[in-house]
Amino acid sequence: MRDAVIVDAVRTPIGKRNGAYADVHPAVLSAAVLEALQERTGFDPVGIDDVVWGCVSQVSEQAGNIGRNAVLAAGWPESVPATSVNRACGSSQQAVSFAAAGVIAGHYDFAVAGGVESMTRVPMGSSAQGAQPVPESVLEHYGVNGFNQGVGAEMIAERWGLSRTRLDEYALRSHELSAKAVDGGAFDSQLVPLAGLDSDEGIRRGGTPEKLATLPTPFKENGVVSAGNASQISDGAGALLLTTSDLARSRGLTPIARIHTSVVAGDDPVIMLTAPIRATELALKKAGLSIDDIGAFEVNEAFAPVPLAWLEETGAKEDRLNPLGGAISVGHPLGGSGAILMTRLANHMRDNGIRYGLQTMCEAGGLANATILELI
(Lines give C-alpha, C1' and ligand atoms only; values in the text may rest on other atoms or scores of the structure.)
Protein backbone atom coordinates (compact mmCIF):
# COMPACT_ATOMS: atom_id res chain seq x y z
CA MET A 1 0.00 0.00 0.00
CA ARG A 2 1.36 3.41 -0.97
CA ASP A 3 2.01 6.09 1.60
CA ALA A 4 3.06 9.77 1.43
CA VAL A 5 6.20 11.01 3.11
CA ILE A 6 7.86 14.40 3.47
CA VAL A 7 11.38 14.16 2.09
CA ASP A 8 12.32 17.72 2.99
CA ALA A 9 10.62 20.93 4.06
CA VAL A 10 11.95 24.48 3.78
CA ARG A 11 10.69 27.99 4.29
CA THR A 12 11.73 31.58 3.98
CA PRO A 13 12.14 33.63 7.12
CA ILE A 14 8.83 35.43 7.62
CA GLY A 15 9.02 39.11 6.74
CA LYS A 16 7.06 41.94 8.29
CA ARG A 17 4.63 43.95 6.17
CA ASN A 18 6.65 46.57 4.27
CA GLY A 19 9.78 44.87 5.56
CA ALA A 20 12.54 42.87 3.92
CA TYR A 21 10.35 41.45 1.13
CA ALA A 22 8.60 44.67 0.16
CA ASP A 23 10.35 44.65 -3.22
CA VAL A 24 10.12 40.87 -3.80
CA HIS A 25 7.46 39.60 -6.21
CA PRO A 26 5.45 36.74 -4.65
CA ALA A 27 6.42 34.41 -7.50
CA VAL A 28 10.08 35.15 -6.74
CA LEU A 29 9.41 34.58 -3.04
CA SER A 30 7.93 31.21 -4.00
CA ALA A 31 10.77 30.37 -6.37
CA ALA A 32 13.29 30.80 -3.56
CA VAL A 33 11.89 27.84 -1.62
CA LEU A 34 11.43 25.72 -4.76
CA GLU A 35 15.05 26.26 -5.72
CA ALA A 36 16.24 25.53 -2.19
CA LEU A 37 14.22 22.31 -2.05
CA GLN A 38 15.84 21.14 -5.30
CA GLU A 39 19.34 22.06 -4.14
CA ARG A 40 18.96 20.37 -0.75
CA THR A 41 17.56 17.07 -2.03
CA GLY A 42 19.21 16.90 -5.45
CA PHE A 43 15.99 15.86 -7.23
CA ASP A 44 15.56 16.60 -10.91
CA PRO A 45 12.46 18.82 -11.26
CA VAL A 46 11.69 17.04 -14.55
CA GLY A 47 10.37 14.22 -12.37
CA ILE A 48 7.89 16.39 -10.43
CA ASP A 49 4.37 15.35 -11.37
CA ASP A 50 2.71 18.46 -9.95
CA VAL A 51 3.28 21.51 -7.78
CA VAL A 52 0.29 22.29 -5.55
CA TRP A 53 0.56 25.86 -4.25
CA GLY A 54 -1.54 27.63 -1.63
CA CYS A 55 -2.37 31.33 -1.87
CA VAL A 56 -5.32 33.33 -0.53
CA SER A 57 -5.43 36.65 -2.41
CA GLN A 58 -5.12 35.34 -5.96
CA VAL A 59 -5.29 38.74 -7.63
CA SER A 60 -2.75 41.27 -8.85
CA GLU A 61 0.74 39.75 -8.65
CA GLN A 62 -0.70 36.56 -7.15
CA ALA A 63 -3.23 36.07 -9.97
CA GLY A 64 -2.91 33.86 -13.02
CA ASN A 65 -2.02 30.65 -11.14
CA ILE A 66 0.76 31.76 -8.80
CA GLY A 67 1.92 28.13 -8.53
CA ARG A 68 2.73 27.97 -12.24
CA ASN A 69 4.43 31.35 -12.18
CA ALA A 70 6.53 30.19 -9.23
CA VAL A 71 7.69 27.14 -11.21
CA LEU A 72 8.70 29.36 -14.12
CA ALA A 73 10.41 31.86 -11.82
CA ALA A 74 12.43 29.01 -10.32
CA GLY A 75 13.69 28.14 -13.81
CA TRP A 76 12.20 24.66 -13.67
CA PRO A 77 11.34 22.91 -16.95
CA GLU A 78 8.17 24.03 -18.72
CA SER A 79 6.94 20.42 -18.44
CA VAL A 80 6.41 20.79 -14.67
CA PRO A 81 2.70 21.51 -14.03
CA ALA A 82 1.30 23.48 -11.11
CA THR A 83 -2.00 24.51 -9.61
CA SER A 84 -3.06 27.04 -6.98
CA VAL A 85 -5.29 26.28 -3.98
CA ASN A 86 -7.38 28.55 -1.78
CA ARG A 87 -8.76 27.26 1.50
CA ALA A 88 -8.25 30.62 3.19
CA CYS A 89 -5.56 30.53 5.90
CA GLY A 90 -5.21 26.77 5.50
CA SER A 91 -4.41 26.98 1.78
CA SER A 92 -0.93 25.50 1.85
CA GLN A 93 -1.83 22.93 4.51
CA GLN A 94 -4.57 21.87 2.11
CA ALA A 95 -1.99 21.89 -0.70
CA VAL A 96 0.03 19.31 1.27
CA SER A 97 -3.11 17.21 1.80
CA PHE A 98 -3.99 17.30 -1.90
CA ALA A 99 -0.42 16.40 -2.90
CA ALA A 100 -0.27 13.59 -0.35
CA ALA A 101 -3.60 12.19 -1.58
CA GLY A 102 -2.28 12.25 -5.14
CA VAL A 103 0.85 10.37 -4.10
CA ILE A 104 -1.10 7.75 -2.13
CA ALA A 105 -3.56 7.27 -5.02
CA GLY A 106 -0.73 6.79 -7.50
CA HIS A 107 -1.57 9.88 -9.54
CA TYR A 108 1.79 11.34 -8.51
CA ASP A 109 5.12 9.75 -7.72
CA PHE A 110 6.76 13.02 -6.72
CA ALA A 111 4.93 16.22 -5.85
CA VAL A 112 5.83 19.54 -4.32
CA ALA A 113 3.36 21.29 -2.04
CA GLY A 114 3.59 24.69 -0.43
CA GLY A 115 2.36 28.22 -0.62
CA VAL A 116 3.00 31.93 -0.46
CA GLU A 117 1.48 35.21 0.52
CA SER A 118 2.89 38.69 0.04
CA MET A 119 0.56 40.72 2.22
CA THR A 120 2.70 43.76 1.52
CA ARG A 121 2.31 43.66 -2.25
CA VAL A 122 -1.18 42.09 -2.36
CA PRO A 123 -3.01 43.38 0.73
CA MET A 124 -5.47 41.16 2.58
CA GLY A 125 -8.97 41.52 1.15
CA SER A 126 -7.76 42.51 -2.32
CA SER A 127 -9.63 39.65 -3.95
CA ALA A 128 -13.01 40.94 -2.75
CA GLN A 129 -12.33 44.46 -4.10
CA GLY A 130 -14.97 46.00 -1.86
CA ALA A 131 -17.64 43.43 -2.72
CA GLN A 132 -19.51 41.20 -0.26
CA PRO A 133 -18.69 37.60 -1.26
CA VAL A 134 -21.35 36.19 1.08
CA PRO A 135 -24.93 36.38 -0.30
CA GLU A 136 -27.51 38.34 1.68
CA SER A 137 -29.55 35.16 2.11
CA VAL A 138 -26.68 33.57 4.06
CA LEU A 139 -26.15 36.66 6.22
CA GLU A 140 -29.88 36.81 6.96
CA HIS A 141 -29.84 33.13 7.93
CA TYR A 142 -27.16 33.82 10.56
CA GLY A 143 -28.61 37.20 11.56
CA VAL A 144 -25.42 39.16 10.91
CA ASN A 145 -24.25 41.94 8.59
CA GLY A 146 -21.05 40.09 7.75
CA PHE A 147 -18.49 37.58 8.94
CA ASN A 148 -15.46 39.01 10.76
CA GLN A 149 -12.58 37.01 12.19
CA GLY A 150 -11.68 39.62 14.80
CA VAL A 151 -15.25 39.68 16.05
CA GLY A 152 -15.15 35.88 16.12
CA ALA A 153 -12.01 36.01 18.25
CA GLU A 154 -13.78 38.30 20.71
CA MET A 155 -16.71 35.86 20.81
CA ILE A 156 -14.35 32.98 21.61
CA ALA A 157 -12.71 34.95 24.41
CA GLU A 158 -16.13 35.67 25.91
CA ARG A 159 -17.39 32.09 25.56
CA TRP A 160 -14.29 30.54 27.13
CA GLY A 161 -13.80 33.27 29.73
CA LEU A 162 -10.42 34.40 28.42
CA SER A 163 -9.33 37.71 29.92
CA ARG A 164 -7.21 40.41 28.30
CA THR A 165 -4.44 39.52 30.74
CA ARG A 166 -4.53 35.84 29.73
CA LEU A 167 -4.37 36.72 26.04
CA ASP A 168 -1.50 39.15 26.52
CA GLU A 169 0.41 36.64 28.63
CA TYR A 170 0.01 34.09 25.85
CA ALA A 171 1.27 36.64 23.30
CA LEU A 172 4.38 37.28 25.38
CA ARG A 173 4.90 33.51 25.58
CA SER A 174 4.83 33.34 21.79
CA HIS A 175 7.54 35.97 21.42
CA GLU A 176 9.67 34.44 24.16
CA LEU A 177 9.51 30.94 22.66
CA SER A 178 10.28 32.20 19.15
CA ALA A 179 13.25 34.21 20.41
CA LYS A 180 14.50 31.16 22.29
CA ALA A 181 14.11 29.02 19.15
CA VAL A 182 16.06 31.53 17.06
CA ASP A 183 18.82 31.83 19.65
CA GLY A 184 19.06 28.04 19.91
CA GLY A 185 19.28 27.54 16.14
CA ALA A 186 16.01 25.58 15.97
CA PHE A 187 15.13 27.10 12.58
CA ASP A 188 18.59 27.21 10.99
CA SER A 189 18.29 23.98 9.01
CA GLN A 190 14.92 24.89 7.47
CA LEU A 191 15.43 28.52 6.48
CA VAL A 192 16.12 29.91 3.01
CA PRO A 193 17.66 33.38 3.53
CA LEU A 194 16.32 35.92 1.06
CA ALA A 195 16.65 39.66 0.47
CA GLY A 196 19.09 39.97 3.35
CA LEU A 197 16.71 38.35 5.84
CA ASP A 198 17.99 35.27 7.65
CA SER A 199 15.52 34.99 10.56
CA ASP A 200 11.88 35.78 11.23
CA GLU A 201 11.51 39.54 11.20
CA GLY A 202 8.55 40.09 13.51
CA ILE A 203 9.86 38.77 16.82
CA ARG A 204 9.82 41.40 19.57
CA ARG A 205 12.01 40.92 22.62
CA GLY A 206 11.47 42.47 26.01
CA GLY A 207 7.71 42.97 25.79
CA THR A 208 5.73 43.54 28.95
CA PRO A 209 2.11 42.99 30.01
CA GLU A 210 1.88 46.69 30.82
CA LYS A 211 2.83 47.73 27.30
CA LEU A 212 0.47 45.24 25.63
CA ALA A 213 -2.37 46.41 27.86
CA THR A 214 -2.19 49.89 26.32
CA LEU A 215 -3.08 48.68 22.81
CA PRO A 216 -6.62 49.35 21.52
CA THR A 217 -9.18 46.60 20.88
CA PRO A 218 -10.46 47.37 17.35
CA PHE A 219 -13.08 44.62 17.10
CA LYS A 220 -15.03 45.45 20.26
CA GLU A 221 -15.18 48.45 22.54
CA ASN A 222 -13.50 47.49 25.81
CA GLY A 223 -12.75 44.13 24.25
CA VAL A 224 -9.75 41.85 24.76
CA VAL A 225 -8.32 41.23 21.27
CA SER A 226 -5.62 43.67 20.16
CA ALA A 227 -2.84 43.81 17.60
CA GLY A 228 -0.52 42.61 20.35
CA ASN A 229 -2.29 39.29 20.89
CA ALA A 230 -3.17 38.63 17.24
CA SER A 231 -1.09 37.42 14.30
CA GLN A 232 1.10 39.84 12.40
CA ILE A 233 0.50 40.76 8.75
CA SER A 234 3.43 39.22 6.93
CA ASP A 235 5.15 37.90 3.80
CA GLY A 236 6.59 34.43 3.36
CA ALA A 237 6.64 31.05 1.60
CA GLY A 238 7.26 27.38 2.34
CA ALA A 239 7.63 24.18 0.31
CA LEU A 240 7.73 20.43 0.91
CA LEU A 241 8.77 17.52 -1.34
CA LEU A 242 6.47 14.48 -1.12
CA THR A 243 6.76 10.95 -2.46
CA THR A 244 6.23 7.39 -1.20
CA SER A 245 8.58 5.76 1.28
CA ASP A 246 9.48 3.10 -1.31
CA LEU A 247 10.29 5.66 -3.99
CA ALA A 248 12.29 7.72 -1.52
CA ARG A 249 14.33 4.66 -0.59
CA SER A 250 14.94 3.77 -4.23
CA ARG A 251 16.28 7.28 -4.89
CA GLY A 252 18.49 7.35 -1.82
CA LEU A 253 16.34 9.97 -0.09
CA THR A 254 15.75 9.98 3.66
CA PRO A 255 12.26 11.21 4.58
CA ILE A 256 11.49 13.18 7.72
CA ALA A 257 7.89 12.19 8.40
CA ARG A 258 4.85 10.40 7.01
CA ILE A 259 1.50 12.07 6.40
CA HIS A 260 -0.36 9.85 8.84
CA THR A 261 -3.85 11.44 8.83
CA SER A 262 -5.45 14.43 7.13
CA VAL A 263 -8.93 15.84 7.72
CA VAL A 264 -10.98 18.99 7.21
CA ALA A 265 -13.84 20.30 9.32
CA GLY A 266 -16.52 22.96 9.24
CA ASP A 267 -18.11 24.90 12.11
CA ASP A 268 -20.12 28.05 12.83
CA PRO A 269 -19.00 30.75 10.35
CA VAL A 270 -19.98 33.58 12.71
CA ILE A 271 -17.66 32.67 15.57
CA MET A 272 -15.58 31.29 12.68
CA LEU A 273 -12.40 30.21 14.50
CA THR A 274 -13.49 27.16 16.52
CA ALA A 275 -13.24 24.50 13.79
CA PRO A 276 -9.69 23.43 14.83
CA ILE A 277 -11.28 21.87 17.92
CA ARG A 278 -13.53 19.65 15.83
CA ALA A 279 -10.80 19.00 13.25
CA THR A 280 -8.49 17.77 16.01
CA GLU A 281 -11.17 15.42 17.31
CA LEU A 282 -11.77 14.05 13.81
CA ALA A 283 -8.06 13.57 13.12
CA LEU A 284 -7.40 11.75 16.39
CA LYS A 285 -10.41 9.47 15.90
CA LYS A 286 -9.41 8.64 12.33
CA ALA A 287 -5.83 8.00 13.40
CA GLY A 288 -6.78 5.89 16.43
CA LEU A 289 -4.68 8.11 18.68
CA SER A 290 -5.31 10.04 21.88
CA ILE A 291 -4.39 13.66 22.58
CA ASP A 292 -1.57 12.44 24.84
CA ASP A 293 -0.03 10.43 21.97
CA ILE A 294 0.81 13.71 20.21
CA GLY A 295 4.17 15.14 21.22
CA ALA A 296 3.90 18.53 19.52
CA PHE A 297 1.05 20.69 18.28
CA GLU A 298 1.10 23.57 15.80
CA VAL A 299 -2.17 25.44 16.27
CA ASN A 300 -2.02 28.60 14.21
CA GLU A 301 -2.03 31.71 16.36
CA ALA A 302 -4.36 33.79 14.22
CA PHE A 303 -5.65 35.30 17.48
CA ALA A 304 -4.64 34.26 21.00
CA PRO A 305 -8.17 33.03 21.90
CA VAL A 306 -7.93 30.35 19.18
CA PRO A 307 -5.14 28.17 20.63
CA LEU A 308 -6.27 28.90 24.20
CA ALA A 309 -9.85 27.71 23.61
CA TRP A 310 -8.44 24.74 21.67
CA LEU A 311 -6.18 23.92 24.61
CA GLU A 312 -9.06 23.95 27.07
CA GLU A 313 -11.34 21.83 24.90
CA THR A 314 -8.76 19.20 23.88
CA GLY A 315 -6.98 18.81 27.21
CA ALA A 316 -3.60 18.92 25.50
CA LYS A 317 -0.49 19.64 27.55
CA GLU A 318 0.35 23.34 27.22
CA ASP A 319 4.09 22.76 26.94
CA ARG A 320 3.46 20.81 23.71
CA LEU A 321 1.46 23.64 22.17
CA ASN A 322 3.37 25.84 19.72
CA PRO A 323 6.71 25.10 21.41
CA LEU A 324 8.56 27.41 19.00
CA GLY A 325 6.14 30.31 19.30
CA GLY A 326 3.73 31.11 16.52
CA ALA A 327 2.05 33.64 14.28
CA ILE A 328 1.66 36.20 17.07
CA SER A 329 5.44 36.48 17.22
CA VAL A 330 6.61 35.62 13.71
CA GLY A 331 3.61 36.47 11.54
CA HIS A 332 0.94 34.82 9.43
CA PRO A 333 1.47 35.10 5.67
CA LEU A 334 -1.96 33.55 4.95
CA GLY A 335 -1.47 31.19 1.99
CA GLY A 336 2.08 30.38 3.04
CA SER A 337 1.37 29.67 6.70
CA GLY A 338 0.25 26.04 6.39
CA ALA A 339 3.48 25.01 4.65
CA ILE A 340 5.56 27.13 7.02
CA LEU A 341 3.94 25.55 10.10
CA MET A 342 4.39 22.05 8.67
CA THR A 343 8.03 22.79 7.93
CA ARG A 344 8.48 23.92 11.54
CA LEU A 345 6.60 20.90 12.89
CA ALA A 346 8.38 18.25 10.80
CA ASN A 347 11.82 19.63 11.61
CA HIS A 348 10.96 19.99 15.32
CA MET A 349 9.80 16.37 15.44
CA ARG A 350 13.01 15.17 13.80
CA ASP A 351 15.24 17.30 16.00
CA ASN A 352 13.56 16.12 19.21
CA GLY A 353 12.61 12.52 18.38
CA ILE A 354 8.86 13.18 18.60
CA ARG A 355 6.83 10.34 17.05
CA TYR A 356 3.55 12.17 16.36
CA GLY A 357 2.81 15.82 15.67
CA LEU A 358 -0.49 17.52 14.85
CA GLN A 359 -1.09 20.74 12.95
CA THR A 360 -4.39 22.60 12.70
CA MET A 361 -5.47 26.03 11.50
CA CYS A 362 -8.61 28.12 11.76
CA GLU A 363 -9.86 29.40 8.42
CA ALA A 364 -12.37 31.94 7.14
CA GLY A 365 -15.87 30.57 6.78
CA GLY A 366 -15.61 28.44 9.93
CA LEU A 367 -13.24 25.87 8.44
CA ALA A 368 -10.12 24.05 9.65
CA ASN A 369 -7.56 21.55 8.44
CA ALA A 370 -5.85 19.07 10.75
CA THR A 371 -2.89 16.92 9.79
CA ILE A 372 -1.06 14.30 11.87
CA LEU A 373 2.57 13.60 11.00
CA GLU A 374 4.47 10.48 12.04
CA LEU A 375 8.24 10.61 12.40
CA ILE A 376 10.19 8.19 10.23
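The structure we're discussing is the one just above.
This section reports on the structure supplied with the text. One numbering rule holds for all chains: residues counted from 1, following each sequence as written. Restriction of local features to residues with pLDDT of at least 70 applies here, the model being predicted, together with a cutoff of 80 or more for giving and counting side-chain atom pairs; totals for whole chains, interfaces and linings are based on all residues. Processing note: side-chain calculations cover all non-hydrogen atoms of the structure and skip hydrogens and water entirely.

1. Details of empty space enclosed by the protein
Put simply, the grid is 1 Å and covers the protein atoms alone, a cavity is a trapped set of points that fit a 1.4 Å probe, a pocket is an open set with protein on both sides within 12 Å along at least five of seven lines, and lining residues have an atom within 4 Å of a point. Grid points are joined across faces, edges and corners, and a volume is the space filled by probe spheres set on the points. A full pass over the atoms with the stated rule returns one cavity of 30 Å³ or more. Its boundaries defined by the atoms lining it, the largest cavity holds a volume of some 50 Å³. Where helices and strands are cited, they refer to DSSP runs of H or I of at least four residues and of E of at least two residues respectively, numbered from the N terminus. At the level of secondary structure, the elements contributing two or more residues to the lining of the largest cavity comprise helix 11 (327-330) and helix 12 (337-352). Ranked by residues supplied to the lining of the largest cavity, first place goes to helix 12 with four residues.

2. Looking at the nonpolar core
We define a nonpolar core as any set of buried Ala, Val, Leu, Ile, Met, Phe, Trp, Tyr and Cys residues linked to one another through side-chain atoms lying within 4.5 Å. Here's how the labels work: a residue is buried when its accessible area is under 20% of the maximum for its type, exposed when over 50%, partly exposed in between, all with a 1.4 Å probe on protein chains only. Formed by 46 residues in total, the largest nonpolar core has its most connected members in L273, I294, F297, F303, W310 and I372. Of all the secondary-structure elements, those providing two or more residues to this core are helix 5 (149-159), helix 6 (164-183), strand 7 (257-266), helix 9 (275-287), strand 8 (296-299), helix 10 (305-314), strand 9 (356-363) and strand 10 (367-375). Sort the elements by how many residues they give to this core and helix 9 lands first, with six residues. Only heavy atoms enter the contact rule, under which two residues are in contact if any of them lie within 4.5 Å. Contacts of W310, omitting those with residues within four sequence positions, involve P276, I277, T280, F297, V299, A316, L321 and T360. The next biggest cluster of nonpolar side chains, apart from the first, holds 36 residues, and it includes V7, V33, A74 and V112.

3. Considerations on the environment of R344
Its place among the elements puts R344 in helix 12. Contact partners of R344, with chain neighbours within four places excluded, come to R11, F187, Q190, E298, L324, G325, G326 and V330.

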